[in-house]
Amino acid sequence: MQFDSFADFINMGGYAFYVWLAYGVTATALAILIAHSLKKKSKVLKEIGQKIQREDRLRQNRSNKS
């Protein structure tokens, strides 16, 4: 679809509310998904680091007892 002016583009042929609402909802959902994924990734990496440290301490304790 070709628009005669920028105002016509913004108006979207009279469907601007629905079109821009759809873009807004999509952008918001993507932003929430990205933020949640980054938060979860850092949590998982922290848990992995703690598990590695715990396993190292256990190995060290076992070798000290021998």
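Residues numbered from 1 in each chain as written. Predicted model: local features only at pLDDT ≥ 70, side-chain atom pairs only at ≥ 80, totals over all residues. Heavy atoms only, no water.

- An unreviewed UniProt entry annotates the protein as Heme exporter protein D of Paraferrimonas sedimenticola.
- According to the UniProt record, the Function (unreviewed entry) comment for the protein is "Required for the export of heme to the periplasm for the biogenesis of c-type cytochromes."
- Turning to the protein, the UniProt record has this under Sequence similarities (unreviewed entry): "Belongs to the CcmD/CycX/HelD family." (UniProt positions renumbered as here; feature names shortened; annotations may be inferred.)

1. A short note on unusual backbone geometry
Item 1. Of note, M12 is a non-glycine position whose phi angle comes to about 50°, a positive value.
Item 2. Mapped onto the elements of the fold, M12 is located in the loop between α1 (6–11) and α2 (16–65). (Helix = DSSP H or I, 4+ residues; strand = E, 2+ residues; numbered from the N terminus.)

2. Concerning the UniProt feature "transmembrane region" (unreviewed entry) in the protein
Item 1. Summarizing the sequence annotation, UniProt attributes the feature "transmembrane region" (unreviewed entry) to residues 15–35 in the numbering used throughout.
Item 2. Counted over residues 15–35, helix gives 95% and strand 0%. Its end C-alpha atoms are 30 Å apart.

3. Comments concerning the pattern of salt bridges
Two side chains carrying opposite charge are able to pair once their charged atoms lie near each other.
Item 1. Under the definition given, this model contains one salt bridge.
Item 2. Between D56 and R59 there is a salt bridge, and its shortest N-O distance comes to 2.9 Å. In this pair, D56 and R59 both sit in helix α2, three residues apart, roughly one turn of the helix. (Salt bridge = Lys/Arg side-chain N within 4 Å of Asp/Glu carboxyl O.)

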